[in-house]
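Residue strings, one per chain:
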Amino acid sequence: MKKKIAIIDYGMGNLKNVRNAFNFLGYDAEITENYKHIENATHLILPGVGGFKDAMLTLRQKGLIEPIKDAVASGKNFLGICLGMQLLFETSEEFGHSEGFGILKGKVIRFDDSVIPLIPHIGWNDIKMLKPVKEFNGIENNSFFYFLHSYYCAPEEDITAAVCDYYGKFSACVKKNNIFACQFHPEKSHTVGLALLKNFIND
Amino acid sequence: MLAKRIIPCLDIKNNEVVKGINFEDLRSAGDPVELAKRYDGELADELMFLDITASHEKRKTILELVDKISENIFIPFSVGGGVSEIEDIRDLLNSGADKVSINTAAVLKPGLIDSAAKKFGSSTIVIAIDAKKIGDEYIVFTHGGRKNSGINAIDWAKEAYNRGAGEILLTSMDRDGTKNGYEIELTSSVVKGVKIPVIASGGARDAKDMEEVFIKADASAALAASIFHYENSGIIPIKKYLKSKGINVRL
């Protein structure tokens, strides 16, 4: 079956660079906010930079919450990037309390600024792989990826595929059935990031 | 562990790299896209583009250039030079820049930092500070280093941080182009004054200077221009040296 990659547009962050990465790998990818395109895609990507609450609000206004939930439930290959990973969880501490998709059990927590001198966590950090998921095929353990975030996910299930250490370990990647999500930006993580995106597309 | 970043800086004028060109490789080094690809391949952690094209009509060419670069490199890149309004930032981000650096306009209208950080997120807003030592004080200069603003550089860095800047790009005008090493005292004072990453700039001659600014001043990143263009001080040898000194870098 021909691969149809859809990047979900909800007005948060640099979607163009996600598409550029797929184009560079030789795949077409469509940036879309049309639920029909989401329905028809074989591979769905939820990217994003910015606020959790604003993101959920925009997704709701655009009528994309249910189509995304349905697509994930139907078993479509799903990739969440950065904020797109966080949104999959139940709640975020941002502005007290914000509701996410609730597809994954757990919450999104802010880095503790009483302990950590620099927030956001910004730059290249290495990840320790815990599970041999297909997205890591051919990528060495402890490879560096590009991170840019002030919040991180705390899953309540055993779905963490890799951890990263920034004044304490946090979940850098999660994998559950058809869902893979990463806190870093693969589209900005040079050759290892491109390899990860390619692995996501290929079975 | 978070790695210290090495950032090559390219000064762009009319779509050409105008500074620090390796004479043996003039043609390819003059083309920003080619040079960006080369640095990407040499494990640069990020790229900084400074548009020094004077005229306003030429602004469009930088957007086209940013667009082309974003299709070819897969590391973060920042663009600065002549950014004075929200629209300039939006245009650069829409063209594919990951971050935008603001210098003179932020000093003239500090509220621009608040509104830009609110609109695009702190992580996309870099405040560039050109500082020069006058007497015992570091002073901010604007307009490409031509105008004395009379503002204390460390106070200004703190204000930029409080207004929502995501990073500080700190250039020592006294060291810029001298190859005498980074200005440690200035960098260290700014690093201690803010809770966001500081990129040290101005004066790098070699890997030892970078080691010094990472260890003595605790900068998050070291930026340099011309030194990367010569084979013997390419980015990979610099990173290997830093790693041998116990500094965490991406290799």
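Use the structure listed above.
Residues numbered from 1 in each chain as written. Chains lettered and ligands numbered in written order. Predicted model: local features only at pLDDT ≥ 70, side-chain atom pairs only at ≥ 80, totals over all residues. Heavy atoms only, no water.

### Some points on the sheet that holds strand S6 (residues 98–99) of chain A
As a general point, the strands of a sheet are linked pairwise by backbone hydrogen bonds and lie either parallel or antiparallel. All names here are of chain A. With respect to topology, four strands assemble into an open sheet ordered S6-S5-S7-S10, the strand pairing being mixed. Edge strands, defined here as strands with exactly one partner in the open sheet, are S6 and strand S10 (151–155). Pairing geometry for strand S5 (residues 91–92) and strand S7 (residues 106–110), over two bridges, is parallel. For Thr91, the partnering residue across the bridge sits in S7 and is Lys107. (Pairing = 2+ DSSP bridges. Helix = DSSP H or I, 4+ residues; strand = E, 2+ residues; numbered from the N terminus.)

### Points about the layout of surface pockets
Residues and elements named next belong to chain B. Here the second largest pocket is characterised by a volume of approximately 1,200 Å³. Forming the walls of the second largest pocket are 46 residues, and the residues nearest its centre are Leu50, Ile52, Asn103, Asp130 and Gly144. Residues belonging to the lining of the second largest pocket are distributed by class as follows: 17 nonpolar, 20 polar and nine charged. (1 Å grid on protein atoms, 1.4 Å probe; cavity = no way out; pocket = protein on both sides within 12 Å on 5 of 7 lines; lining within 4 Å. Points joined across faces, edges and corners; volume = space filled by probe spheres on them. Nonpolar A, V, L, I, M, F, W, Y, C, P; charged D, E, K, R; others polar.)

### Quick look at the pattern of salt bridges
Residue and element names in this part refer to chain B. Scanning the entire structure with this criterion turns up 22 salt bridges over all chains. A salt bridge links Glu42 to Arg38; its shortest N-O distance comes to 3.3 Å. The two residues Glu42 and Arg38 agree in class, both being buried. The salt bridge partner of Glu87 is Arg90, with a shortest N-O separation of 3.9 Å. Taken as a pair, Glu87 and Arg90 lie in helix H4 (residues 86–94) at a separation of three residues, close to a single helical turn. (Salt bridge = Lys/Arg side-chain N within 4 Å of Asp/Glu carboxyl O. Buried < 20%, exposed > 50% of the residue type's maximum accessible area, 1.4 Å probe, protein only.)

### Brief notes about the pairing of strand S4 (residues 77–81) of chain A
Residue and element names in this part refer to chain A. Among the five residues of S4, four are classified as buried, and the element is accordingly described as predominantly covered. Alignment of strand S3 (residues 43–46) against S4, held across four bridges, turns out to be parallel. Its bridge partner being in S4, Leu44 is matched across the sheet by Phe78. One ladder, built from four bridges, connects S4 with strand S13 (residues 179–182); its direction is parallel.

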